[in-house]
Amino acid sequence: MGGNKTTGGRRCGLAIPGLAVAALTIAQGGPGITALGPVRRRLFRGLAGYGDPGHVALTFDDGPDARSTAGFLDLLARRDIRATFFMLGSMVAAAPGLAAEVAAAGHEIAVHGWDHRYLTLRGPQDTFRDMARAREVIAETTGQVPVYVRPPYGVLSGGALLAAGRLGLRPLLWTCWGREWAPGATSGSVVRTLRRDLGGGATVLLHDSDATSPSGSARAALGALPWLLDECARRGLKAGPAAGHGLGRAGAIRAEAGAWQGNAGLGGNRDSDPAPPGPREGAGPTGQAKRDRAVPHAGEDSADDAAAQDHRQNEHDRGHGHPGQ
Ligand SMILES: [Zn+2]
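Attention in this report is confined to the structure presented alongside it. Every value quoted in this text rests on a predicted model; they were computed, and no experiment measured them.

1. Quick word on the overall build of the protein
Here is step 1 of the chain: Within the protein, the regular secondary structure consists of 13 helices and eight strands.
Here is step 2 of the chain: Taking all 325 residues of the protein together, 53% fall into the buried category.
Here is step 3 of the chain: Taking all contacts inside the protein whose residues are at least 6 apart in sequence as the whole, residues at least 24 apart take part in 82%.

Quick look at the structure:
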């Protein structure tokens, strides 16, 4: 079932000049800017994962995790649905058999980095080494050449864009999420959060691991997944991996970056992510996870608050409520 042993790496490689231009441009706008929901969705539609309006891309971050990923695989297999798993290289190294199992089940494998750290804290060389190491272990372990990369916390630094270009990886963030990593999240809260921004063409982010978030978050995500799949079906939307999402040419990022540059008055670094405690070099996933718990997805949280505000404004502009709310 390794049907997507992929030629996508070559496809992405064609976009390297575009990515390089984008890297230079986005770096001027501030390294944390792509973590912002409203800005990302207005000006970086490709990065935000807007694709085929009849399709929803399902993506899962932070695994593979022996404690939780199997539940996602079982449910997706029962529904005969494939997804994209953005894996951490450190997690793949800790559970290579499981990573291979995800790929063998027909899912697309993508890169989330080696360690779960803010790339803004790392220099360009360190960022490249982290991404390259993750890509290599994923390719060796799963037999897939990854096409997409999603940096931790969605913070896409200029160094990360350059590294992605050199490695033939296409950056992909998300349109819609469940915030299962927030303290106290439940399946119900995940459903309510997903419902806000779910729509045709969305890229949905959930986590199949608690490695970088409070215990129980993957369970909350898994509990919400049946609703998500049912809701997509009810709306006539086909759920599947990023590979089938119709994301178009990677070079389109250049136009998005140009749009961002033209809107630099939106604030640059104003809403950048708060800096987490200083990382320690050479840490494995366990140590890293403990540090990250001190600031679980802090940048994503602030981005989501802004996204909620943005959503309310959109609803106001359209003059009607969101279906089902
Ligand atoms: Zn993550």
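Read on for the rest.
2. Details of the pairing of strand β2 (residues 84–87)
Here is step 1 of the chain: Going residue by residue along β2, you find Thr 84 and Phe 86 tucked away on one face and Phe 85 and Met 87 tucked away on the opposite face as well.
Here is step 2 of the chain: As paired elements, strand β1 (residues 55–61) and β2 share three bridges and run parallel to each other. Bridge pairing in β2 links Asp 61 to Phe 86.
Here is step 3 of the chain: Where the polypeptide runs from β1 across helix α4 (residues 69–79) and back to β2, its parallel neighbour, the crossover connection is right-handed.
Here is step 4 of the chain: Two elements, β2 and strand β3 (residues 108–111), share four bridges in a ladder whose sense is parallel. Opposite Phe 85, over in β3, you have Ile 109 as the bridge partner.

3. Looking at helix α10 (residues 217–234)
For an α-helix, the turn length of 3.6 residues means that residues three or four places apart are oriented alike.
Here is step 1 of the chain: Taking 1.5 Å per residue as the helical rise, α10 with its 18 residues ought to reach 26 Å, and the 26 Å between its terminal C-alpha atoms agrees with that figure.
Here is step 2 of the chain: Helix geometry: α10 is bent most strongly at Ala 224, by close to 35°, with proline Pro 226 lying one to four residues after it.
Here is step 3 of the chain: Taken together, the buried positions of α10 are occupied by Ser 217, Ala 218, Ala 220, Ala 221, Leu 222, Ala 224, Leu 225, Leu 228 and Cys 232.
Here is step 4 of the chain: On its buried face, α10 sits against β1, α4, α9 (187–197), β7 (203–207) and β8 (238–240).

4. Topic: the packing of α4 against α10
Here is step 1 of the chain: Two numbers describe how α4 lies on α10: the axes approach to 10 Å, and their chain directions differ by 20°. The angle between α4 and α10 falls in the class roughly parallel. The two elements α4 and α10 meet at a crossing, and its hand is right-handed. On the side of α4, the interface is formed by Gly 71, Phe 72, Leu 75 and Arg 79, while α10 contributes Leu 222, Leu 225, Pro 226 and Leu 229.

5. Some points on the environment of Pro 96
Here is step 1 of the chain: Looking at the secondary structure, you find Pro 96 in helix α6 (residues 96–104).
Here is step 2 of the chain: Take Pro 96: there are 15 C-beta atoms within 10 Å of it, and that puts it in the partly exposed class.
Here is step 3 of the chain: Taking the C-alpha atoms as reference, Pro 96 lies 8.9 Å from Val 137; in sequence the two are 41 residues apart.

6. Remarks on the nonpolar core
Here is step 1 of the chain: Counting 72 residues, the largest nonpolar core has Met 87, Ala 110 and Val 204 as the members making the most contacts within it.
Here is step 2 of the chain: Ranked by residues supplied to this core, first place goes to α10 with eight residues.
Here is step 3 of the chain: The contact partners of Ala 110, leaving out residues within four places of it in the chain, are Thr 84, Phe 85, Phe 86, Pro 146, Val 147, Tyr 148, Val 149, Arg 150 and Ala 242.

7. Re the pairing of β7
Here is step 1 of the chain: Judged by how many residues are buried, β7 sits mostly within the fold: five of five residues are covered.
Here is step 2 of the chain: Along β7, one buried face is formed by Thr 203, Leu 205 and His 207 and the opposite face, lined by Val 204 and Leu 206, is buried too.
Here is step 3 of the chain: In the sheet, β1 pairs with β7 via five bridges, with the strands oriented parallel. Within the sheet, the bridge partner assigned to Leu 58 lies in β7 and is Val 204.
Here is step 4 of the chain: One ladder, built from two bridges, connects strand β6 (residues 176–177) with β7; its direction is parallel. By the bridge assignment for β7, Cys 176 is matched with Val 204.
Here is step 5 of the chain: Viewed along the sheet, the connection from β6 through α9 into β7 turns out right-handed.

The rules behind these values
Residues numbered from 1 in each chain as written. Predicted model: local features only at pLDDT ≥ 70, side-chain atom pairs only at ≥ 80, totals over all residues. Helix = DSSP H or I, 4+ residues; strand = E, 2+ residues; numbered from the N terminus. Buried ≥ 20, exposed ≤ 12 C-beta atoms within 10 Å, placed from the backbone. Contact = placed C-beta atoms within 7 Å. Pairing = 2+ DSSP bridges. Right-handed = clockwise from strand over helix to strand, strands pointing away. Expected span 1.5 Å × (residues − 1). Bend = angle between axes of the 7 residues up to and from the residue. Axes fitted to C-alpha atoms, helices over the stretch in contact; angles between N-to-C directions. Parallel < 35°, antiparallel > 145°, perpendicular 65-115°, else oblique. Left-handed = near helix turned anticlockwise from the far one by under 90°. Core = buried A, V, L, I, M, F, W, Y, C linked by C-beta atoms within 7 Å.

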